[in-house]
Every structure is written in C-alpha cells, then in structure tokens.
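Here is what each chain is made of, one letter per residue.
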Amino acid sequence: MAYDTDEQDLPPVTDWVNDWDWLDDQWGPNAIDIWNEVREQCPVATTERYGRAHMPVTMEAVSEVAHDTEHFSSIFVSVARPDAPRRPAPPITSDPPDHHAHRRLLLPSFSPKKIALMEDDLRQFCRSLIADLDGAERADAAEQYSQHIPVHGICQLLGVPESDADMFRDWIFRNFQIGPRDNAVKQQVQEEMDAYHEQKLNERLLDPKDDLLTLIAHAEIDGEPVSMELKKGYVGLQIIAGIDTTWSAIGSGLWHFGQHADQRGALVAVPNDDMLWNTATEEVLRYYAPVTMGRKVIADTEVGGCPVRAGEQTLLTFPAANHDPAAFEDADEFRIDRAKNRHVAFGLGIHRCLGSNLARLELTVALQEWLRAFPDYELDTHTETTWANGQIRGPRNIPVLLNR
Ligand code: HEM
C-alpha cells in the first residue's frame, strides 16, 4: 500500500547514550544488550532525534517517572516526533484527575473472574491452530500461532469480528513500526481506525449485545454521556494495547523455549496447575517484557540525577528496568523457577496494565498447548528471526522444526 509520507531519514545509531533511537534496526534484536551497556555508563540516556528525549534504564529511574504524574504526562505515551498527530485513548492517555473515571469504567470487564471464563475457549482456539499444522514438519510459530491468539481474545472480549484481524495487524504494524517517524502514516492509521470504531459503536447503540463494545457505546461518567471521540479512543486502545503486546510475549516465550530443551522438558513434565508454569511465564514477562511507554515532561525536574525540562519527552523503559542487576539477582539469567520476581512488564503506578489478567491467561494457555503438542520442537537457526523495534518489542517470525 502506498502512503504520502514525510518520513525522517535518520542515520544508524553509533552512540546509544547520547543519540538513542528505538526505531534503529539494532534495537529489536539487541535491546537488552543496549540497555545493559547504557546502564553501565549512566542511568538515563538522551537523544535529539524526536526533539530532546530521555531513556531511563534503571528500575529506580523508571519507577521515579512512572509514579510522578506531576512532572510527567501521559498525553504522549509514545516517544515520537513532537509534531506527531496524537489522539486521546483513555485511560492510557489521561492524567489525574480524569484518569480514574476512565479506568473505573473499563475495569470490571477485566476482572479475574470474567477473564477466567475465557480459558476454555482460548484453549480450544490454540488447539485449532495446532490442528491446522497437521502433518507439517516446520512452522512459523509467530505467523501461524502466537499472532492469532490475542486477536482472538480481543475479538471475543470487545465483540468485533475476527474476519477483521488482518486489518488490526496492519494498523498495529503501521502505527508502531512506521508511524513514530512518519506523521502521514500515523494520521492515516488513526483516520482508518476512527472510521471503523465509530461504525462499530453506532451498531451497538442501535443493537446492544453482551460485550465491551456495548459497554463503551453506552458509557457515562458522573451521569453524563462520554463523547464519541473518547469512546473511539477506548476501543482503539483495546486493539492497540491488547494484541501485539501479548503476541510478542507469547512469541518471545516460544522463541526462548525453542532453544532450551531442558526447560521445555521440565515444563512438559508437570501438570498445568504446577507452580513451575507460573514462575516460567512470569520469567518470560520479565526477561522479554515487550512494552516500552512514553511520557511528556510537563514541568522541569530530575530523573536519576539528570535534568529534564518541560516540553521534552521520556521513555518508560519497563523492559530495561527488568534487567537491572540492582533489582534482580542474576538479572541476565533466564530462570524458569525464579521465585522472587517483582518485574514491571505491566508497568507501575496508576496506569498499570488493565489487561494483565487476560495477557497472563493467553500467555500461559498458548505456551501450555504448544509445548504439549510439540514437546521436542526447536528453533530453526538456519532462518533468521526478525524483532520488532520500538514500543512493542518481540519476534515477528519464529521458524521452528516441530520434531513430532
Ligand atoms: C504481555 C502483554 C501486555 C503487556 C506487557 C502490557 C503492558 C502494559 C504496560 C507497561 C502498561 C502501562 C502503560 C503506562 O504506564 O503508560 C499497560 C497499560 C494498559 N494495558 Fe497492557 N499490556 C499487555 C496486555 C494487555 C492486554 C491484553 C490488554 C487488554 C486489552 C491491555 C490493556 C491495557 C490498558 C487498557 C492499559 C492502560 C491502563 C491505564 O492507563 O490505566 N494490555 N499495559
């Protein structure tokens, strides 16, 4: 598809402390090494590529920013060109005092009880994807498996048709991989999403059903109807936040276990409700945390002792904090039985992930069903895995030998 673009042409990064760029080709495959190298030199790196923007890499500095809504606003949740088009998608783009009401509206749909009811259907869905691989010797565990599971989950929860899944995947790719440097693409994606969401919300206003789309269509705060603009934002957020975040986590887990036969064996040997599944999935979330957020600095302050000024931007590098040796013993070791694991893959503070129950369920069910079907699968190291850059980091293809 061709777009009008005003893409910035930027040279490859050679200095990650003073000129970082989360859309640089080195970021996807090497982000963990990059954060570790930066952390050895300073707690906060900077760049001028998106205006002046900061990148904290320690747990302490990331936590400082996440808990400080006085100096850091969620009006910019992605570090992008300062003139990038941005639309509200509450609660993630809202600050106190508005944030609380938006979050409270959506919260009941994500309760542990509600999400637990989705397990059987998700398991069946994973089995149907596995059945589609019948007779195959190889597979792409991203394209043929992990990328479909969260789309199915969100379609069930929200009440949008699964036949639109390819369109959601296309929006997500253009929004995260091209949009931050290219305003025309970002604008176009937002317009396409807006039109779709408005149509779906209007359908539910006329014909209510038992789904999140209906709840949003009829949303009220303090007895007043929520505007169509904000309602479109709520729906867009579910699609943007609920799909490739989780497929990146599932994919990272499959990529990892495809290279560690001992860990695969240990998991296959225990029942689904064994504690080892719990510690192993939490370790996938810690080690391969896919989500990095952004904030706009709204008042001068300091982070990790470094000055930041109003108008600048900062990353909330939760995945980097998860590798801080000051916060985790042997932080760069992947331990499936790590007992003390206070990772921040789902964020910190008032914006902590609303969908974490769903994400954990999808991740666990997807790994259990795959490992039970293919206990001896392994990563095909003859084909390269490419990793997505930027806000949501994860493997985009996972070539595997099924060894059934
Ligand atoms: C492994 C998968 C996931 C990860 C790692 C993840 C991570 C995060 C993080 C780090 C935040 C904090 C944002 C911030 O501080 O600005 C967040 C917020 C949020 N996430 Fe997730 N997420 C995942 C899956 C999901 C799913 C499946 C949904 C469901 C639709 C979801 C919905 C949300 C929402 C609505 C918020 C905003 C909460 C607020 O602003 O109060 N996420 N997520």
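Residues numbered from 1 in each chain as written. Predicted model: local features only at pLDDT ≥ 70, side-chain atom pairs only at ≥ 80, totals over all residues.

A.B. asks: Is there a simple way to think about the pairing of strand S1 (residues 44-47) in this case?
C.D. replies: Here is the key point about a regular strand: its side chains alternate between the two faces of the sheet. The pairing of S1 with strand S2 (residues 53-56) spans four bridges and is antiparallel. The residue bridging Val44 from the neighbouring strand is Pro56, located in S2. (Pairing = 2+ DSSP bridges. Helix = DSSP H or I, 4+ residues; strand = E, 2+ residues; numbered from the N terminus.)

A.B. asks: Can you help me understand the site of the ligand in this one?
C.D. replies: Neighbouring the ligand are 28 residues; Gly242, Gly347, His351, Cys353 and Gly355 lie closest to it. If you list the elements that add at least two residues to the shell around the ligand, you get helix H11 (228-242), helix H12 (244-257) and helix H16 (356-373). At four residues, H11 tops the list of elements feeding residues into the shell around the ligand. Within the shell around the ligand, the residues separate by chemical class into 19 nonpolar, eight polar and one charged. (Near = placed C-beta within 6 Å. Nonpolar A, V, L, I, M, F, W, Y, C, P; charged D, E, K, R; others polar.)

A.B. asks: It is not clear to me how the nonpolar core should be interpreted in this structure. Could you clarify?
C.D. replies: Grouped together as the largest cluster of nonpolar side chains are 106 residues, with contacts concentrated most on Val62, Leu158, Leu213, Ile250, Phe318 and Ala366. Ala366 has contacts with Cys126, Ser146, Ile149 and Ile250, leaving out every residue within four places of it along the chain. (Core = buried A, V, L, I, M, F, W, Y, C linked by C-beta atoms within 7 Å. Buried ≥ 20, exposed ≤ 12 C-beta atoms within 10 Å, placed from the backbone. Contact = placed C-beta atoms within 7 Å.)

A.B. asks: For this particular structure, what's the right way to read the environment of Arg181?
C.D. replies: If you trace the backbone, Arg181 turns up in the loop between helix H8 (165-178) and helix H9 (183-206). With 97 residues separating them in the primary sequence, Arg181 and Ala84 have C-alpha atoms 8.2 Å apart.

A.B. asks: What am I meant to see in the packing of helix H14 (residues 275-287) against H16 here?
C.D. replies: When two helices pack together, their arrangement is given by the angle between the helix axes and by the axis-to-axis distance. Closest axis-to-axis distance for the H14/H16 pair is 10 Å, and the angle between their directions is 110°. Looking at the two axes, H14 sits roughly perpendicular to H16. Considering only the axes of H14 and H16, their crossing is right-handed. Contacts between H14 and H16 involve Trp277, Thr281 and Val284 from the former and Arg360, Leu363, Thr364, Leu367 and Gln368 from the latter. Its residues assigned to classes, the contact of H14 with H16 shows four nonpolar, three polar and one charged. (Axes fitted to C-alpha atoms, helices over the stretch in contact; angles between N-to-C directions. Parallel < 35°, antiparallel > 145°, perpendicular 65-115°, else oblique. Left-handed = near helix turned anticlockwise from the far one by under 90°.)

A.B. asks: In this structure, what is going on with the sheet that holds strand S12 (residues 399-401)? I would like to understand it.
C.D. replies: Note: strands within a sheet are paired through backbone hydrogen bonds, in either parallel or antiparallel orientation. Taken in spatial order, the three strands of this open sheet run S4-S12-S11, and their pairing is antiparallel. If you trace the sheet from one side to the other, it starts and ends with strand S4 (138-140) and strand S11 (378-379), each paired once. Both S4 and S12 contribute to a ladder of three bridges, which runs antiparallel. The partner of Arg138 across the bridge, within S12, is Leu401.

A.B. asks: Mind showing me how you'd approach the pairing of S2 here?
C.D. replies: Of the two faces of S2, the one lined by Ala53 and Met55 and the one lined by His54 and Pro56 are each fully buried. Linking S1 to S2, which pair antiparallel, is a turn of five residues; within it Gly51 sits at a positive phi near 75°. In the sheet, S2 pairs with strand S10 (residues 313-316) via two bridges, with the strands oriented parallel. What sits directly across from His54, in S10, is Thr314.

A.B. asks: Sorry, what's going on with unusual backbone geometry here?
C.D. replies: Most peptide bonds take the trans form, and the phi angle of most residues other than glycine is negative. The linkage connecting Pro90 with the following residue, Pro91, adopts the cis geometry, with an omega of 5°. Structurally, the position occupied by Pro91 is in the loop between strand S3 (72-73) and helix H3 (98-106). Here the bond from Pro96 into Pro97 is cis, since omega is 5°, no more than 30 degrees from zero. Along the polypeptide, Pro97 turns up in the loop between S3 and H3.

A.B. asks: I'm lost on the sheet that holds S2 in this one. Help?
C.D. replies: Read from one edge of the open sheet, five strands run S1-S2-S10-S7-S3, paired in mixed fashion. Only two strands of the sheet have a single neighbouring strand rather than two, namely S1 and S3. As defined by bridge partners, strand S7 (residues 293-297) adjoins S10 across four bridges and the pair is classed as antiparallel. By the bridge assignment, Met293 is partnered in S10 with Leu316. On the sheet, helix H2 (residues 59-67) packs against S1, S2, S3, S7 and S10 and is oriented at approximately 115° with respect to S10.

A.B. asks: Sorry, what's going on with helix H5 (residues 119-131) here?
C.D. replies: Structurally, the α-helix is built with 3.6 residues per turn, so residues lying three or four positions apart point the same way. For H5, which comprises 13 residues, the first-to-last C-alpha distance of 18 Å matches the rise-based estimate of 18 Å (1.5 Å per residue) to within 8%. The complete set of buried residues in H5 reads Leu122, Phe125, Cys126 and Leu129. Along H5, the residues classed as buried sweep out an arc of 100° about the axis, all on the same side. In H5, those exposed residues whose orientation departs by more than 90 degrees from the buried face are Asp120, Gln124, Ser128 and Ala131. In this fold, the buried residues of H5 make contact with helix H6 (142-146), helix H7 (149-159) and H16. (Expected span 1.5 Å × (residues − 1). Arc of directions from axis to C-beta.)

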